[in-house]
Amino acid sequence: MHLKFAQKLKGFSQAQRRTFATVCAAGFFNNYDGALLSLAIEQIQRALKISETALPRVASVITLGSLFAPLITSQADRRGRRTLLIATIGLFSLLSGLTAFAWNAPSFVMLKFLTVLFSAAEGSIAMVMLVEEVNADARGLAVGMLGAISAGGFGLAALGFAMIRIFPFGWRGLFAIAFIPLVLIVPLWRLLPESDRYKSRAEAMGRRGFFDPFRALYRSYPGRFFMVAAVMFLNAMGGTPGGLLQSKYMQEVHGWTPGNVSTLILSGGAIGILGNVVAGNLSDQIGRRILGVIAMVVAPAMWTVFFNSAGNLMVASWILSLFAQTAASTILNAYSAELFPTSYRSTAESAIAVAGTLGGSVGLILESCIYGMLGSHWRGVSWLMLASVAAAITVAMCFPETANAELDSISPERSMLSYKHPARRLQKSAQT
């Protein structure tokens, strides 16, 4: 297994390595921004005078920024992956850094809303470029490696959070670090190649209108889209509230300091994020579906233990929940790109991410309601974990196996071209 692992990595071409390095850098800073919001939520709450009952709603509004990401990612299906990826990296970095200058709760929400918009678009395009570029027998591993390396952003956020009391300007100074990726824009413009798969399909797809990728998404494989979107919705509804409130739980209930929280994230997280690589590599060998189901059941079970325990048990359950959560994320990310054709793969990936965002937003709103009834965030997030179990059942019953299959065989083109040209329409009818 170790030998095959190394051979896959060494087999990457120069273009594949450049694409891999770029998407990993993008994922790193995406995760830094998202982790910092979660870790410093209590400090931000105090500084901007956000009430306990309003806190989940504020977080919910911020996450809704990704609802508009498909308007950007659809253009990657029309104009190419490379240009849109570089543009979203630049705008995300600028807006994330400007968050440091938020003067009240509404301005913070507005800036984070826009940050999430471009972060979501960037993440979807990056995932599509990676899946399209690597070989079939290494797709799962590549997605898992992307998740593991990107998780370094959580580590950087944890290091910064540990020093939040002495870091210049506190949480504001930590958000200002997000300006750093702006210096990468010029080198990326020169070095990042366009997706070969997109280039090979661009001429055949021809000129298309702004909304054509959305029409193709609706007309081609609609059952797949709603199936994957439902799983993303349920999984996010169950896991998002717990992810947001984990730091708050450790500080308020168990009296942990920011340094204690960061120590757990850095030490235990180093083990937990291996779930990306393990799941990615194994899913190429034994299949996506079985690993996905196991991970999606273990993650909510361990989260529930975490929010209802203390001491070593709490620490161990947190590490296991992170391991399973990252493994599940790797499998679902691979599925969401593999199951759709090149002509609208970016649009589908982003639209599915929107479903996850909506699920997370609904989960936060439900948690706020449960908190109002029970007076406990921790019991609320525990009950919501049942939604993630429902997502696992859906994967077990409905998802196909895609490991080691070529993208064109998993999702043959049934794009808008099939509806514009009679010959292609007849060919499509014969195939189905």
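Quick summary incoming for the structure in this document.

### A short note on the nonpolar core
For step 1, the next point in the chain: Judged by nonpolar contacts, the single largest core of 83 residues is most densely connected at Ile 44, Leu 85, Phe 108, Trp 171, Phe 306 and Trp 318.
For step 2, the next point in the chain: With 15 residues, the single largest contributor to this core is helix H7 (residues 105-133).
For step 3, the next point in the chain: When near neighbours in sequence (up to four residues on either side) are disregarded, Phe 108 contacts Leu 37, Ile 44, Leu 48, Ile 62, Thr 99, Ala 102, Trp 171 and Phe 175.
For step 4, the next point in the chain: Residues Tyr 221, Val 231, Tyr 335 and Ala 355 belong to the second largest nonpolar core, which totals 30 residues.

### Observations concerning helix H13 (residues 212-219)
For step 1, the next point in the chain: The set of residues buried in H13 consists of Asp 212, Pro 213, Ala 216 and Leu 217. Down the axis of H13, the smallest arc covering the buried residues is 145 degrees, so these residues share one side.
For step 2, the next point in the chain: The first or second residue beyond H13 is Tyr 221, which carries a positive phi of 55 degrees.

### Comments concerning a nonpolar patch on the surface
For step 1, the next point in the chain: There is a patch of nonpolar side chains on the surface, built from Leu 67, Phe 68, Leu 71, Phe 210, Phe 211 and Leu 358 and spanning about 510 Å² of accessible area.
For step 2, the next point in the chain: In this structure, Leu 67 sits in the loop between helix H4 (55-63) and helix H5 (69-79).
For step 3, the next point in the chain: By relative accessible area, which is 31% here, Leu 67 ends up partly exposed.

### With respect to the packing of H7 against helix H19 (residues 345-374)
When two helices pack together, you describe them by how their axes are tilted relative to each other and by the distance separating the axes.
For step 1, the next point in the chain: At a minimum axis separation of 9 Å, H7 and H19 run at an interaxial angle of 130 degrees. Judged by the angle between their axes, H7 and H19 are oblique. As H7 packs across H19, the resulting crossing turns out to be right-handed. Residue-level inspection shows Ser 124, Met 127, Val 128 and Glu 132 of H7 in contact with H19, the latter providing Arg 345, Ser 346, Glu 349, Ser 350 and Ala 353.
For step 2, the next point in the chain: Considered class by class, the residues forming the contact of H7 with H19 number 3 nonpolar, 3 polar and 3 charged.

Conventions we followed
- Residues numbered from 1 in each chain as written.
- Predicted model: local features only at pLDDT ≥ 70, side-chain atom pairs only at ≥ 80, totals over all residues.
- Heavy atoms only, no water.
- Core = buried A, V, L, I, M, F, W, Y, C linked by side-chain atoms within 4.5 Å.
- Buried < 20%, exposed > 50% of the residue type's maximum accessible area, 1.4 Å probe, protein only.
- Helix = DSSP H or I, 4+ residues; strand = E, 2+ residues; numbered from the N terminus.
- Contact = heavy atoms within 4.5 Å.
- Arc of directions from axis to C-beta.
- Patch = residues over 30% accessible without salt bridge, like charges linked within 9 Å, V, L, I, M, F, W, Y side chains within 5 Å.
- Areas by Shrake-Rupley, 256 points an atom, 1.4 Å probe, with all protein chains shown as cover.
- Salt bridge = Lys/Arg side-chain N within 4 Å of Asp/Glu carboxyl O.
- Axes fitted to C-alpha atoms, helices over the stretch in contact; angles between N-to-C directions.
- Parallel < 35°, antiparallel > 145°, perpendicular 65-115°, else oblique.
- Left-handed = near helix turned anticlockwise from the far one by under 90°.
- Nonpolar A, V, L, I, M, F, W, Y, C, P; charged D, E, K, R; others polar.

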